[in-house]
Amino acid sequence: MGPSRLRVIPPRPLDDVDAGIITEDTDSQHSQHQSPPEGYNSAHRYHNIADEYDDAESVDTVIYDGDSTQRQSLIGASASRRHRGVSDDSEDEDEHVSDNDAAESSSEKPVTWRSLPKKGQLAILTFARLSEPLAQTSLQAYLFYQLQSFDPSLPDSTISAQAGILQGSFTAAQFVTAIWWGRLADTAWMGRKRVLIIGLLGTCISSLGFGFSRSFTSAVVFRVLGGVLNSNVGVMRTMIAEIIQEKKFQSRAFLLLPMCFNIGVIIGPVLGGMLADPVKSYPYLFGPGSLLGGKDGVKWMMHWPFALPNLLSAVFIFASLLTVILGLDETHEVTKYRSDWGRKLGKRLANTFSCRRIPQYYRPLTRHEDDESLYIDGDAAGRSAPPSPARSRVQPRGDRPSFRQIWTPNVLLTLLVHFLLAFHTSACNSMTFVFLPAPRAPEGSRDGLFHFGGGLGLPSSRVGLATAIIGFIGLPLQIFVYPRVQSRLGTLTSFRTFLPFSPLAYALMPFIVLIPRYPWLVWPAFTVVVGLQVVSRTFALPAAIILVNNSVTDPRVLGTIHGVAQSIASGARTLGPLIGGWGLGLGLKYNMVGGIWWALAVEAIIGWFLLWSIYEDKGIEQKKGQTEEVDSR
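Procedures and definitions
- Residues numbered from 1 in each chain as written.
- Predicted model: local features only at pLDDT ≥ 70, side-chain atom pairs only at ≥ 80, totals over all residues.
- Heavy atoms only, no water.
- Salt bridge = Lys/Arg side-chain N within 4 Å of Asp/Glu carboxyl O.
- Helix = DSSP H or I, 4+ residues; strand = E, 2+ residues; numbered from the N terminus.
- Buried < 20%, exposed > 50% of the residue type's maximum accessible area, 1.4 Å probe, protein only.
- Contact = heavy atoms within 4.5 Å.
- Arc of directions from axis to C-beta.
- UniProt positions renumbered as here; feature names shortened; annotations may be inferred.

Caption draft 1: Looking closely at the pattern of salt bridges. For the structure shown, the criterion picks out five salt bridges. When the shortest N-O distance is used, the salt bridge between lysine 193 and aspartate 340 registers 2.7 Å. In this pair, lysine 193 sits in helix H7 (residues 191-211) while aspartate 340 sits in the loop between helix H15 (307-327) and helix H16 (341-353), placing the two residues 147 residues apart along the sequence. Judged by relative accessible area, lysine 193 falls into the buried class, the value being 5%. The network of salt bridges with shared partners includes Asp186, Arg192 and Glu242.

Here it is in structure tokens:
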């Protein structure tokens, strides 16, 4: 093993944590210390480490004190070990390993929301994600009426078809382009942050253009534009994977994006309904002779009655765009060392408005010409030596893997499971909100156990209540239940355990129409059935994302895989509502409304069987204790 290594430890002020050095308790020994540098509060103090031997000596230790070093040679412990026949090196190594194990076991704490690392970066990504579903879901409240305003002579059937085209155009455009945005995010010249900025800017433009559209064609153009430029979900998942590299935090970190979507689903339609056509909704504020409208009313609101909710959405998105530019760090292994003017400006603004000032006696270690001179042993007082900035920069490791090298069997099967899950969850969502308001079947139309038709015949206000039920069941499960169960069972096991709840819910859903029209019977039954599906997707959707993320072992293609996953999910969310609506229409026509629901249950069961043929890979997890690279910016 060689001789014992020397530890060089920088001085610390009085109020810092003790440095962990042994000194002799003699006045002559203390008198040899130089006075601390100017700006320090007092002389340094050190830990008195308990020696299991009776000798008053210790191993060689070097104390680094700025411009000079002092050495204390206390050899009693070494002599005592030699007396027992144990070498210095082996004893030192055993103690080092046991100390590390003890420190790791003592520092291991239960994972909580507060224990998530880099919460500031996660908060920026969460805000950016939240702004998008607010814009997308707010359309649902007024889309039919906006299309009707383009051409009031069109029948309701044509307007319904146009609404389907508008809803599908966004996801169809994402399906085409998400892979290429993910590929661009993996390149060193583009990176994750630039792709995210382009996506947010495109969504902002799309929202404004859609709000000020005066024809169906222009509305479709702006929706397609938003889908073409927006691949933010895949990029955000990639950045979360690179920010949170320990698996124990993944259950909470990857849950943030689905939580934002659920919040947007609840709040978005409410805001859209409140702000759509404000002249008619709030004539005393914006109408003719009103407080803000004056004699003729607010003319631009009368000309573009559905622009206000889109303006508010654009404000949210633009605010998240500024937050990303000023506060988000690049996570690409090479591009993160590139100069970022937005991040520099954000730090200057933060320093300008911050009331805290760094004490003068603290100096950044990176200002030393050679940081490695501070720590000869690489570990002093439990601290890892900061690597040299020039050496910390990661150089490209050759060409990225080709498309053929990316597609391992496990990756392909994981993506297939992801597609099937997105297909049946999106089909269920769209079918539910057609099934609920559909008129009830006439009495006597039932023929046997499976031949029956009709819906629940709920008014629009009750459909909104059903939306709220889904949201209020899902959010508490995501925040409080899912992380604990997932950490106990594991990602793949929890996925396999809770996915069967979805086919069970699909199989039971059509039988609700057979319940007599008593609210005290219908609503509990609906809540139980929908609750099964919500519980299933609460555990399944984050698990699918984590499995896709951990199937990638090369960080150079992480953005590509997440881009492919988003593209696949967008395709599934385009086909799911289309096929589900078509099948539900056939079921209502031929008095077998349960047919499409039971087919959906079979599809979900196929996805569950595929779960037993995949495994959770290690991904790009950074192990505890592994040296982290230091950003030299």
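Caption draft 2: Here's a closer look at the environment of proline 577. Position of proline 577 relative to the elements: it lies in helix H24 (residues 558-589). With relative accessibility at 29%, the residue proline 577 sits in the partly exposed group. C-alpha of proline 577 to C-alpha of glutamine 167: the two residues are 410 residues apart in sequence and 9.7 Å apart in space. Setting aside residues up to four positions removed in sequence, proline 577 forms contacts with Ser426, Ala427, Ser430 and Ala572.

Caption draft 3: Here's a closer look at helix H22 (residues 501-508). All of the buried residues in H22 are Ser502, Pro503, Ala505 and Tyr506. All buried residues of H22 project into a common sector of 160° when viewed along the axis, lining one side. Tucked into the core, H22 has its buried residues touching helix H19 (409-435), helix H21 (491-498), helix H23 (519-550) and helix H25 (594-610).

Caption draft 4: Structural view of the side chain of glutamine 533. Mapped onto the elements of the fold, glutamine 533 is located in helix H23. Setting aside residues no more than four positions away along its own chain, glutamine 533 makes contact with Thr425, Cys428, Ser502, Ala505 and Tyr506.

Caption draft 5: Focus on the UniProt feature "transmembrane region" (unreviewed entry) in the chain. UniProt feature "transmembrane region" (unreviewed entry): in the numbering of this structure it lies at residues 195-213, 219-241, 253-276, 306-328, 411-436, 463-483, 495-515 and 596-615. Each end of residues 219-241 is marked by a C-alpha atom, and these two atoms are 35 Å apart; helix forms 91% of the span and strand 0%. Here residues 306-328 runs as 91% helix and 0% strand, with 33 Å between its end C-alpha atoms.

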